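Coordinate analysis (summary)
Here are the chains, one letter per residue:
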Amino acid sequence: MISIRMRASKTKNRREHHISGAEGIYEKSAISKIVKAYTERALNHPRGKPDKIVISIEDVKQKPKKAGILPVKNLKCSSSDEARNIISQALANVGVSKRAVKNAFRILTSTKTMRGASLILQESGTRMEPDKERGVRVSRLGIKKPDEKKLSKMLSRIKINTDTVKEALLLASKTASYPDIIAEICISDDPDYTTGYISSKEFGYLRIPNIKNRGEMHGGRVFFVKEGVNIKMMIDYLEKIPVIMA
Ligand code: WAQ
Ligand code: MG
């Protein structure tokens, strides 16, 4: 198996602005196809034209671990205010404090978007990611072809079989598989993608329409983690340890 990663950015006033990123574990035979798809995604992105695209292709040397795919549910929601209420309630139920949720929304609604995720302690709401501009990028995750076919069928039945949903669901599933991670909030940073989600081992992958208004450029991901977690080990798992969902 091979890990393929893409990141695209544009430099403005000497600062590199994130435009788009993607990553996955694939069969060797899929390399050209994926590189082409990732390149086109970077070149035709609603966040703008990149002036730099970096693609990394690496052998996966370690035997991948396995993780389950979270169950998917569509929630009803008609505004970003309603979304925030739904999210606060669901996260309170799994032990995330009000202050932690408040800090998360400050990050998720900032126009200074990060390339990766922020790590927030469940009780104190303290930010733990070492690089606060970049965040932690979940990488080295994938699904075997036959399982992907099954997943596509399941998602087709509820009319959401898109690459965006599939990639987000796999990412949320790898993230939720780490014991010290309690929950995740995700808002796309694409101006025309207004459905987000919250996810956890407890309640699965809950899709939330109208989590933001069309045209807004903010977005991001936040992972709520247990107080006292070993941050270094957790980041190593998220970024480096290969995990295949089934
Ligand atoms: N690891 C950590 N954080 C990431 C990663 C990653 N691999 N990829 C993206 N992010 C963060 C980063 O801060 C981005 O700004 C933010 O998430 C949004 O990324 O079921 O498209 O790629 O329909 O814009 C949700 C799908 C789609 C909901 C999310 O995210 C649904 C999406 P985007
Ligand atoms: Mg995006």
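Right, let's walk through the structure included here. Sequence positions are assigned chain by chain, starting from 1 and proceeding in written order. As a convention, the first chain written is A and the first ligand written is 1, with the rest following in written order. Totals for whole chains, interfaces and linings use all residues, but because this is a predicted model, local features are given only for residues with pLDDT of at least 70 and pairs of side-chain atoms are given and counted only at 80 or more. Each side-chain value is worked out from all heavy atoms of the structure, with water and hydrogens disregarded.

**Some words on the pairing of strand β10 (residues 204-208)**
- Type-normalised accessible area, obtained with a 1.4 Å probe on protein chains alone, sets the label of each residue: buried when under 20%, exposed when over 50%, and partly exposed for intermediate values. Counting from the N terminus, the helices are the DSSP runs of H or I reaching at least four residues and the strands are the DSSP runs of E reaching at least two. In terms of burial, β10 is a largely internal element, five of the five residues being buried.
- Pairing between strands requires that DSSP locate at least two bridges from one strand to the other. When strand β9 (residues 196-200) meets β10, the two strands line up antiparallel, connected through five bridges. Its bridge partner being in β10, G196 is matched across the sheet by I208.
- Linking β9 to β10, which pair antiparallel, is a turn of three residues.

**Examining the side chain of K174**
- Relative to the elements of secondary structure, K174 occurs in helix α5 (residues 163-176).
- Despite its burial, K174 pairs with no opposite charge; the closest candidate is D236, at 8.9 Å N-O.
- Any N or O atom pair separated by 3.5 Å or less is treated as a polar contact, with the protein-specific requirement of one donor-capable and one acceptor-capable atom, and with residues adjacent in sequence counted only for side-chain atom pairs. Engagement of the side chain of K174 in a polar contact is seen with the backbone oxygen of L238, the distance being 3.0 Å.
- Within the local environment of K174, its side chain forms a polar contact with the backbone oxygen of I241, the two atoms lying 2.7 Å apart.
- For this analysis, residues touch if any pair of their heavy atoms sits within 4.5 Å. When sequence neighbours within four positions are dropped, the list of residues in contact with K174 reads V138, S139, R140, L141, Y237, L238, I241, V243 and M245. Neither His nor the chain ends contribute to the count of charged residues, in which Lys and Arg are positive and Asp and Glu negative. Salt bridge, as used here: a side-chain nitrogen of Lys or Arg that lies within 4 Å of a carboxyl oxygen of Asp or Glu.

**Describing the nonpolar core**
- Core analysis: the biggest nonpolar cluster contains 36 residues, and Y205, F223, M234 and L238 have the highest contact counts within it.
- Looking at this core, the elements that each hand over two or more residues are β6 (117-121), β7 (141-143), α4 (145-157), α5, β8 (181-187), β11 (220-225), α6 (231-239) and β12 (243-245).
- Among residues more than four places away in sequence, those in contact with Y205 are L70, P71, V72, K73, V165, A168, L169, A172, Y197, I198 and S199.
- L91, V94, I208 and F224 belong to the second largest nonpolar core, which has 25 residues in total. Note on terminology: a nonpolar core comprises buried Ala, Val, Leu, Ile, Met, Phe, Trp, Tyr and Cys residues joined through side-chain atoms within 4.5 Å.

**What about the sheet that holds β11?**
- With mixed pairing, the six strands of this open sheet are ordered in space as β5-β10-β9-β8-β11-β6. Of all the strands in the sheet, just β5 (72-74) and β6 have a single pairing partner and so form its edges. Pairwise comparison of adjacent strand axes, ignoring direction, gives a mean angle of 20 degrees for this sheet.
- Against the sheet, helix α2 (residues 80-93) makes contact with β8, β9, β10 and β11, and its axis sits at roughly 170 degrees relative to β8, the strand it touches most. A fitted line through C-alpha atoms serves as each axis, taken over the contacting stretch for helices, and the angle formed by two N-to-C directions is quoted from 0 to 180°.

**Here we look at the environment of T111**
- Turning to its location among the elements, T111 is positioned in the loop between α3 (98-108) and β6.
- Under the relative-accessibility criterion, T111 is labelled exposed at 67%.
- Each C-alpha atom, one on T111 and one on I187, is 12 Å from the other, the two residues being 76 residues apart in sequence.

**Side note on a positive patch on the surface**
- Patches in this entry comprise residues that are over 30% relatively accessible and not in a salt bridge; like charges within 9 Å are linked, as are nonpolar side chains (Val, Leu, Ile, Met, Phe, Trp, Tyr) within 5 Å. Accessible surface area values rest on a Shrake-Rupley calculation with a 1.4 Å probe, where residue burial reflects the displayed protein chains alone. Where a charge sits is defined by one atom per residue type, namely NZ (Lys), CZ (Arg), CG (Asp) or CD (Glu). Taken together, R84, R99, K102 and R106 make up a surface patch of like positive charges.
- Top contributing element to the positive patch by residue count: α3, with three residues.
- Along the chain, the position of R84 falls in helix α2.
- A residue is classified by how much of its surface remains accessible, and R84, at 36% relative accessible area, is partly exposed.

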